[in-house]
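# Working through the structure, step by step
Here are the chains, one letter per residue:
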Amino acid sequence: MSRPRVFSGIQPTADSFHIGNYLGALRQWVAMQDTCDAVYCVVDLHAITLSMPENAAQLRHRTRVAAAQLIAAGLDPDRCIVFVQSHVPEHAELTWMLSCLTGFGEASRMIQFKDKSVRGGADSASVGLFTYPILMAADILLYDTDQVPVGEDQRQHLELTRTLAQRFNHRFGPTLVVPGPYILPEVARIADLQDPSIKMSKSASSPQGLVDVLEDPAAIRKKISRAVTDAGSEVRADEDAKPGVTNLLRIYSALSGESIAALEQRYAGSGYGAFKSDLGEVVVDTFAPVRERTEKLLADEAELDAILAAGAARARGIASATLSRVRDKIGFLSPS
Ligand code: TYM
């Protein structure tokens, strides 16, 4: 039996991924490359939707840093496909066709668009930010994807993707695979360290609110020790009364493999200090090797670019076959 196809993407919008990206998505990506036919993408076209990069060098650098981190975190280009979205032009082409199948009202209801456009000032929101979920749908549908490993914030976009695939199939006959979300509840929404009522986010968190994968160990320890930890001193998971401690327990449990109950027991009566200091070490131990491997990969840009070019060639083989099916069903004249 063939293995299920998995597809996911991540934006190169910062100089490092954060611990929310790592736990909510990346770790699952690494695990799934062994059980699935996995395709992973640095979505650089998405990275220009909120605002254009400050300069061309910045986007190029961040795209390479993102790809290097994926490989450093455990993606093996021999066991999965790793590529850059803009290297496969089929993504932009399918987006156009799907956008003609998407209702304006339907796109207007996307929560992330509402949040991000309000934050940047509604007038400055681009049409690209508005159509962003349709580009995401194209990413997924081009690869006949069965499962999409993501964090909770992407759930609504996946629902739109499913709706568009079903609509296309209904209209033109079976053509696109209808994908399902793969979201692990324990790590689906890692919260901001300073404000546990919001998710940790590249665009909304303050520097103190997020821990970066590539951050230096001293800074990681400091941020964890200063994380907001509610009133009282009991290390106990309680989403309503202790959202800050609960978030730290989730991170600790996910990184160490110990259950939250076991951690509660270990730190019973010892207060927040020891708990946070041990968690700081667990995070540092996880990220230090990733940081080191990322630096090594970035030191040889030609080699990294060659890996990405090979990934794009493999991705394009799959994407172009899907796109020709779509073109044919809609009735576009074949160029040959
Ligand atoms: P992006 O780049 O914002 O985030 C990458 C992945 O990290 C997850 N994530 C989190 N998980 C848990 N807690 C958090 N605080 C947290 N913050 C981020 C995200 O859910 C995501 O899985 N639109 C996507 C990128 C994308 C994509 C795709 C994903 C483009 N095309 C196709 C899947 C399939 C995004 O902006 O992710």
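The text that follows walks through the structure, step by step, so that each part is easy to find. The numbering scheme is per chain: residues are counted from 1 as the chain's sequence reads. Two thresholds apply to this predicted model, a pLDDT of at least 70 for residue-level local features and 80 or more for giving and counting side-chain atom pairs, whereas whole-chain, interface and lining totals are computed over all residues. Side-chain measures here rest on the full set of heavy atoms in the structure, leaving out hydrogens and waters.

## Some points on the pairing of strand β1 (residues 5-10)
By the criterion of burial, β1 is predominantly enclosed, with five of the six residues buried. Looking at chain direction, β1 and strand β2 (residues 37-42) are connected through six bridges and run parallel. Bridging across to β2, G9 finds its partner in C41. The buried label goes to any residue with under 20% of its type's maximum accessible area, the exposed label to any with over 50%, and the partly exposed label to all in between, with areas taken from a 1.4 Å probe on protein chains only. Going along the chain from the N terminus, every DSSP run of H or I of four or more residues is numbered as a helix, and every run of E of two or more is numbered as a strand. Pairing between strands is defined by DSSP: at least two bridges between them are needed.

## Focus: the site of the ligand
Near, as used in this document, describes a residue that has one of its heavy atoms within 4 Å of the molecule or strand being considered. What surrounds the ligand is a group of 27 residues, the closest being Q11, Y132, D139, D153 and I190. In this structure, D153 approaches the ligand through a side-chain N or O atom, which is 2.4 Å from an oxygen atom. We call two N or O atoms a polar contact when they sit within 3.5 Å, provided that within protein one can donate a hydrogen and the other can accept it, with sequence-adjacent residues counted only if both atoms are side-chain atoms. A distance of 3.0 Å separates a nitrogen atom of the ligand from a polar atom in the side chain of Q154. Per-residue and other accessible areas were derived by the Shrake-Rupley procedure at a 1.4 Å probe size, with only the shown protein chains allowed to occlude residues. In the complex, 97% of the free accessible area of the ligand, which totals 720 Å², lies under the protein chains. Taken together, the elements giving at least two residues each to the shell around the ligand come down to β1, α1 (19-32) and α6 (127-141). When grouped by side-chain class, the residues that make up the shell around the ligand number 13 nonpolar, 10 polar and four charged. In this count, Pro and Cys sit with the nonpolar residues alongside Ala, Val, Leu, Ile, Met, Phe, Trp and Tyr, while Asp, Glu, Lys and Arg are called charged and the others, Gly among them, polar.

## Regarding the side chain of T49
Relative to the elements of secondary structure, T49 occurs in the loop between β2 and α2 (56-72). At 2.7 Å, the side chain of T49 and the backbone oxygen of H46 are in polar contact.

## Remarks on the packing of aromatic side chains
Classification of ring pairs uses Phe, Tyr and Trp, with its six-membered ring standing for Trp, and accepts pairs whose centres are within 6.5 Å; under 30 degrees between planes counts as stacked, over 60 as edge-to-face, and the remaining range as tilted. Inspection of the entire model under this criterion finds 10 aromatic pairs. Summarising the aromatic geometry, the rings of W29 and Y40 are spaced 4.7 Å apart at their centres and angled 5° between planes, so their arrangement reads as stacked. Taken together, the residues span a long stretch of sequence, with W29 in helix α1 and Y40 in strand β2 at a distance of 11 residues. On the numbers, 6.0 Å between centres and 50° between planes, the contact of Y252 with Y267 is tilted. Of this pair, Y252 sits in helix α9 (residues 243-256) while Y267 sits in the loop between α10 (260-266) and α11 (271-299), and the two are 15 residues apart along the sequence. Residue classification places Y252 among the buried residues on the basis of a relative accessible area of 3%. Of the residues examined, Y267 reaches a relative accessible area of 3% and is grouped as buried.

## Some details on the nonpolar core
The criterion is simple. A nonpolar core is a set of buried Ala, Val, Leu, Ile, Met, Phe, Trp, Tyr and Cys residues joined through side-chain atoms within 4.5 Å. By size, the foremost hydrophobic cluster in this structure holds 57 residues, and its most contacted members are I19, L23, L70 and V283. Pairs of residues are marked as contacts when any of their non-hydrogen atoms sit within 4.5 Å. For L70, the contacting residues outside a window of four places in its chain are I10, F17, L26, W29, V42, L75 and V82. C41, I134, A138 and L142 belong to the second-largest nonpolar core, a separate cluster that totals 39 residues.

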